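Residue-level structure breakdown
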2 protein chains.
Amino acid sequence: MATIATDQDVVTLVNVFTVSPERQQRLADLLVEATMTVMNRLPGYVSANIHRSLDGTRVVNYAQWRRVEDFEAMLRDSAAQEHMQSASRLAISVEPHLYEVVFADPTSQAGGR
Amino acid sequence: MATIATDQDVVTLVNVFTVSPERQQRLADLLVEATMTVMNRLPGYVSANIHRSLDGTRVVNYAQWRRVEDFEAMLRDSAAQEHMQSASRLAISVEPHLYEVVFADPTSQAGGR
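Described below are features of the structure shown in this document. (Residues numbered from 1 in each chain as written. Chains lettered and ligands numbered in written order. Predicted model: local features only at pLDDT ≥ 70, side-chain atom pairs only at ≥ 80, totals over all residues. Heavy atoms only, no water.)

1. A word on the relation of the copies chain B and chain A
- Relative to chain A, chain B is turned by 180 degrees and slid 0.0 Å along the rotation axis, the superposed coordinates differing by an RMSD of 0.0 Å. The transformation just described matches what one would write down for a two-fold rotation axis. Minimal C-alpha separation from the rotation axis in chain B is found for Thr-3 of chain B, amounting to 2.3 Å.
- A share of 100% of the interface residues of chain B reappears at the interface of chain A, consistent with the copies meeting face to face through the same patch. (Least-squares fit on C-alpha atoms with pLDDT ≥ 70 in both. Contact = heavy atoms within 4.5 Å.)

Structure (structure tokens):
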């Protein structure tokens, strides 16, 4: 579970994988495994949230890190690199960008209903 | 504020706008305005969360709708269409996809520290 808000001390990675539909589930599973075995043990990790597009062609990882430096250190970690390379091989393209939250609707309704 | 979790009754729109850096802030402002004047009054709206990439080249709207049908009804709403067209004109490309959350790390740390 993660919270999106403007007052959190995090940097957000939105990583969009374009994928062929027959590989979508495998890629999602691999990202979950990478999160639970490698990423969540690294310094500055806050959350990772894996999404599967309803049209079968995308997987998105919405992840939060404490600081840009923590994310950059992850990129240099050899176990993380191995997982990222496996994910890249399953995907057609990978588009990672780091973001800041500039607006989170204060009137938004609670989920889970 | 929004929550990402697997047990919520929502469908998630991740809309990635590619933009020239000098137009990034204008596009983010326009999406905030569209959310507060049009989108959040439509049936099935749950949340919208606007993100600006640190490299200046992307704006992401991470939005939640109650059902796919609510999102599709929004696409047919004339005021929403007007805002979406203005956003498209500011962007180089627009990549909207609907998603389901397949994994939200249960061990994730709270934000805001």
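2. Remarks on the pattern of salt bridges
- According to the stated counting rule, one finds 8 salt bridges over all chains in the structure shown.
- Ionic pairing is found between Glu-95 of chain A and Arg-58 of chain B, a salt bridge with its closest N-O pair at 3.0 Å. With one member in each of two chains, Glu-95 of chain A in strand 5 (residues 93-104) and Arg-58 of chain B in strand 4 (residues 58-65) form a pair that bridges those chains.
- Judged by relative accessible area, Arg-58 of chain B falls into the buried class, the value being 11%.
- The partner of Asp-70 of chain B in a salt bridge is Arg-67 of chain B, and the shortest N-O contact between them spans 3.2 Å.
- Several salt bridges converge on common partners, so that one network encompasses Arg-67, Glu-69 and Asp-70 of chain A. (Salt bridge = Lys/Arg side-chain N within 4 Å of Asp/Glu carboxyl O. Helix = DSSP H or I, 4+ residues; strand = E, 2+ residues; numbered from the N terminus. Buried < 20%, exposed > 50% of the residue type's maximum accessible area, 1.4 Å probe, protein only.)

3. Some words on the pairing of strand 4 of chain B
Residues and elements named next belong to chain B.
- For strand 4, the buried fraction is high: 8 of the 8 residues fall into the buried class.
- Residue alternation in strand 4 divides its side chains into two sets, Arg-58, Val-60, Tyr-62 and Gln-64 and Val-59, Asn-61, Ala-63 and Trp-65, and both sets are buried.
- Relative to strand 4, strand 2 (residues 11-18) is paired through 8 bridges, and the arrangement is antiparallel. Paired with Phe-17 across the two strands is Val-59, which belongs to strand 4.
- As paired strands, strand 3 (residues 45-53) and strand 4 are joined by 7 bridges and run antiparallel to one another. Bridge assignment links Ala-48 to a residue of strand 4, and that residue is Ala-63.
- Between strand 3 and strand 4, which follow one another and run antiparallel, lie 4 residues, and Gly-56 among them has a positive phi close to 85 degrees. (Pairing = 2+ DSSP bridges.)

4. As for the packing of aromatic side chains
Residue and element names in this part refer to chain A.
- Scanning all chains against the criterion turns up 3 aromatic pairs over all chains.
- Geometrically, the ring pair formed by Tyr-45 and Trp-65 is edge-to-face, given 5.8 Å between the ring centres and 85 degrees between the ring planes. Placement of Tyr-45 in strand 3 (residues 45-53) and of Trp-65 in strand 4 (residues 58-65) is noted, with a sequence separation of 20 residues between them.
- Classification of Tyr-45 as buried rests on a relative accessible area of 2%.
- On the basis of relative accessible area, Trp-65 is assigned to the buried category, the value being 3%. (Phe/Tyr/Trp six-rings, centres within 6.5 Å; stacked < 30°, edge-to-face > 60°.)

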